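An overview of the molecular structure
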Amino acid sequence: MPRQYVACKFRPEDRRSYTYHNDGEPVAAGDQVKIAGREEDSWQRVHVVSVSDEEPSFPTKPILGKVEADEPALDLGADAETPEN
């Protein structure tokens with residue numbers, strides 16, 4: 001299965017997206033996926049905006065998998081910072 005490069009937003013209304021790579025189950029725009037959180041063994045929910053097979057010119061972090069429908073969302077709060085890729 002080819003690697004996907006996935007543009008994600010922390011909140012749907014965000015203007016900026018961050019690119020991650022996905023080696024697991026294919027994802028598509030509109031999906032919600034997990035990325036590593038700040039704490040060990042934690043994760044954050046992000047929204048997939050677009051998917052490409054073209055590798056970007058910068059390093060990317062992995063997607064941990066799709067969010068299952070019954071998994072609770074992580075509330076980042078209004079003052080949360082978003083990590084740089």
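Structure shown above.
Residues numbered from 1 in each chain as written. Predicted model: local features only at pLDDT ≥ 70, side-chain atom pairs only at ≥ 80, totals over all residues. Heavy atoms only, no water.

Turning our eyes to something else, we now look at the packing of aromatic side chains. By the definition in use, this model includes 1 aromatic pair. Consider the rings of Phe10 and Tyr18, whose centres lie 5.5 Å apart with planes at 80°: the pair is edge-to-face. Judged on exposure class, the residue Phe10 and its partner Tyr18 are both buried. (Phe/Tyr/Trp six-rings, centres within 6.5 Å; stacked < 30°, edge-to-face > 60°. Buried < 20%, exposed > 50% of the residue type's maximum accessible area, 1.4 Å probe, protein only.)

Moving on to the pairing of strand E2 (residues 18-22). The element E2 is extensively covered by neighbouring structure, given that 5 of its 5 residues are classed as buried. The alternating pattern of E2 places Tyr18, Tyr20 and Asn22 on one face and Thr19 and His21 on the opposite face, and all of these are buried. For strand E1 (residues 4-9) and E2, the ladder comprises 5 bridges, and the chain directions are antiparallel. Across the sheet, the residue bridging to Cys8 is Tyr18, located in E2. (Helix = DSSP H or I, 4+ residues; strand = E, 2+ residues; numbered from the N terminus. Pairing = 2+ DSSP bridges.)

Bridge count for E1 against strand E4 (residues 43-52) is 5 bridges, and the pairing is antiparallel. Counted as the bridge partner of Val6 is Val51 from E4. Pairing of strand E3 (residues 32-36) with E4 involves 5 bridges; the strand directions are antiparallel. Its bridge partner being in E4, Gln32 is matched across the sheet by His47. Between the end of E3 and the start of E4, which pair antiparallel, lie 6 residues, with Asp41 showing a positive phi angle near 65°.

This part covers the environment of Ile35. Along the chain, Ile35 falls in strand E3. Ignoring anything within four residues of it in the chain, the contact list for Ile35 reads Phe10, Tyr20, Ser42, Trp43, Gln44, Val46, Pro62 and Leu64. (Contact = heavy atoms within 4.5 Å.)

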